[in-house]
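Each chain, letter by letter, is given below.
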Amino acid sequence: MEQIVVDQNLIMLDGKPLALVTKSGIAEWETEGIAYTYRYDEITEDGDNKGKYRCLYEKEGSHEIFLLVVPPSDPDGFSVVLFDHPPHTLH
(Lines give C-alpha, C1' and ligand atoms only; values in the text may rest on other atoms or scores of the structure.)
Protein backbone atom coordinates (compact mmCIF):
# COMPACT_ATOMS: atom_id res chain seq x y z
CA MET A 1 0.00 0.00 0.00
CA GLU A 2 1.31 3.42 -0.97
CA GLN A 3 1.34 6.02 1.80
CA ILE A 4 0.09 9.48 0.86
CA VAL A 5 1.77 12.36 2.66
CA VAL A 6 0.42 15.90 2.42
CA ASP A 7 1.27 19.08 4.29
CA GLN A 8 -1.18 18.83 7.20
CA ASN A 9 -1.87 22.59 7.09
CA LEU A 10 -3.34 22.17 3.61
CA ILE A 11 -5.87 19.52 4.61
CA MET A 12 -7.13 21.21 7.78
CA LEU A 13 -9.57 24.07 8.31
CA ASP A 14 -9.97 25.58 11.77
CA GLY A 15 -8.18 22.57 13.24
CA LYS A 16 -10.52 20.04 11.61
CA PRO A 17 -9.62 17.72 8.73
CA LEU A 18 -11.24 18.41 5.37
CA ALA A 19 -12.90 15.75 3.23
CA LEU A 20 -11.25 15.30 -0.18
CA VAL A 21 -12.80 15.56 -3.65
CA THR A 22 -11.40 15.33 -7.17
CA LYS A 23 -12.64 16.97 -10.36
CA SER A 24 -14.24 13.64 -11.32
CA GLY A 25 -16.01 13.59 -7.95
CA ILE A 26 -17.44 17.03 -8.63
CA ALA A 27 -18.55 15.84 -12.07
CA GLU A 28 -20.42 12.98 -10.34
CA TRP A 29 -22.20 15.49 -8.09
CA GLU A 30 -23.26 17.39 -11.21
CA THR A 31 -24.46 14.19 -12.93
CA GLU A 32 -26.47 13.28 -9.83
CA GLY A 33 -27.93 16.80 -9.60
CA ILE A 34 -26.31 17.54 -6.23
CA ALA A 35 -26.00 21.28 -5.68
CA TYR A 36 -22.72 22.63 -4.34
CA THR A 37 -20.89 25.87 -3.71
CA TYR A 38 -17.18 26.58 -3.77
CA ARG A 39 -14.80 29.24 -2.56
CA TYR A 40 -11.10 29.96 -2.65
CA ASP A 41 -9.26 30.02 0.64
CA GLU A 42 -5.86 31.74 0.84
CA ILE A 43 -3.11 29.68 2.43
CA THR A 44 -1.33 32.00 4.84
CA GLU A 45 0.90 29.54 6.64
CA ASP A 46 4.65 30.05 6.35
CA GLY A 47 6.39 27.95 3.76
CA ASP A 48 6.15 27.19 0.08
CA ASN A 49 2.37 27.59 -0.07
CA LYS A 50 2.14 31.12 1.35
CA GLY A 51 -0.03 33.30 -0.86
CA LYS A 52 -1.56 30.34 -2.71
CA TYR A 53 -5.25 29.51 -2.79
CA ARG A 54 -6.99 26.18 -2.29
CA CYS A 55 -10.52 25.46 -3.49
CA LEU A 56 -13.10 24.36 -0.90
CA TYR A 57 -16.48 22.84 -1.79
CA GLU A 58 -19.64 22.40 0.23
CA LYS A 59 -22.32 20.12 -1.18
CA GLU A 60 -25.98 20.29 -0.40
CA GLY A 61 -27.02 17.86 2.32
CA SER A 62 -23.54 17.47 3.82
CA HIS A 63 -21.89 19.17 6.77
CA GLU A 64 -18.42 18.34 5.45
CA ILE A 65 -16.16 20.77 3.64
CA PHE A 66 -14.32 19.21 0.71
CA LEU A 67 -10.85 20.12 -0.53
CA LEU A 68 -10.04 19.84 -4.24
CA VAL A 69 -7.22 17.34 -4.79
CA VAL A 70 -5.50 15.49 -7.63
CA PRO A 71 -5.95 11.71 -7.18
CA PRO A 72 -3.06 9.30 -6.54
CA SER A 73 -3.59 7.83 -10.02
CA ASP A 74 -2.45 11.11 -11.63
CA PRO A 75 1.00 10.86 -13.25
CA ASP A 76 2.32 13.43 -10.74
CA GLY A 77 0.67 11.64 -7.80
CA PHE A 78 -1.69 12.83 -5.08
CA SER A 79 -1.63 16.53 -4.23
CA VAL A 80 -3.80 19.44 -3.14
CA VAL A 81 -4.77 21.65 -6.08
CA LEU A 82 -3.35 25.14 -5.46
CA PHE A 83 -3.90 28.33 -7.43
CA ASP A 84 -1.73 31.46 -7.65
CA HIS A 85 -4.93 33.54 -7.84
CA PRO A 86 -8.57 32.55 -7.50
CA PRO A 87 -9.57 31.82 -11.13
CA HIS A 88 -12.55 34.19 -11.06
CA THR A 89 -10.20 37.15 -10.43
CA LEU A 90 -7.99 36.53 -13.47
CA HIS A 91 -8.43 38.87 -16.44
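Just so it is clear, the structure is predicted and the values come from calculations on it, not from any experiment.

Asker: Now, about helix 1 (residues 23–31): what can you tell me, with residues and values included?
Answerer: Of the residues making up helix 1, those classed as buried are Gly25, Ile26 and Trp29. One side of helix 1 holds all its buried residues, which, seen down the axis, span an arc of 100°. Residues of helix 1 that are exposed and point more than 90 degrees away from the buried face comprise Lys23 and Thr31. The elements touched by buried residues of helix 1 are strand 3 (19–21), strand 4 (36–43), strand 5 (52–59) and strand 6 (66–70). One or two residues past the end of helix 1 sits glycine 33, with phi positive at roughly 75°.

Asker: Which residues make up the confidence of the model for the protein chain, and what values go with them?
Answerer: For the protein chain, the mean per-residue pLDDT works out to 82, and 79% of the residues sit at or above 70. When pLDDT is averaged over each helix and strand of the protein chain, the minimum, 84, is found for strand 1 (residues 12–13) and the maximum, 95, for helix 1. Here residues 1–5 scores under 50 on pLDDT; set against residues more than four positions off or in separate chains, the count is 2 contacts.

Asker: Which residues make up the packing of aromatic side chains, and what values go with them?
Answerer: For any pair of aromatic rings, the description rests on two quantities: the centre-to-centre distance and the angle between the ring planes. For the structure on display, the rule yields 7 aromatic pairs. With centroids separated by 5.6 Å and ring planes inclined at 55°, the aromatic side chains of tyrosine 36 and tyrosine 57 adopt a geometry described as tilted. A residue pair is termed long-range when its members are at least 10 positions apart, and tyrosine 36 in strand 4 and tyrosine 57 in strand 5 qualify at 21 residues. Overall, tyrosine 36 belongs to the partly exposed group, its relative accessible area being 25%. For tyrosine 57, a relative accessible area of 10% gives the class buried. For the ring pair tyrosine 40 and phenylalanine 83, a centre distance of 5.3 Å and an interplane angle of 90° mean the geometry is edge-to-face. Of this pair, tyrosine 40 sits in strand 4 while phenylalanine 83 sits in strand 8 (residues 82–83); the two residues are 43 residues apart in sequence, bridging distant segments of the chain. Residue phenylalanine 83 is classed as partly exposed on the basis of its relative accessible area of 21%. Taken together, the ring pairs in this structure connect Trp29, Tyr36, Tyr38, Tyr40, Tyr57, Phe66 and Phe83 into an aromatic cluster.

Reading guide: rules and limits
Residues numbered from 1 in each chain as written. Predicted model: local features only at pLDDT ≥ 70, side-chain atom pairs only at ≥ 80, totals over all residues. Heavy atoms only, no water. Buried < 20%, exposed > 50% of the residue type's maximum accessible area, 1.4 Å probe, protein only. Helix = DSSP H or I, 4+ residues; strand = E, 2+ residues; numbered from the N terminus. Arc of directions from axis to C-beta. Contact = heavy atoms within 4.5 Å. pLDDT = per-residue confidence, 0-100. Phe/Tyr/Trp six-rings, centres within 6.5 Å; stacked < 30°, edge-to-face > 60°.

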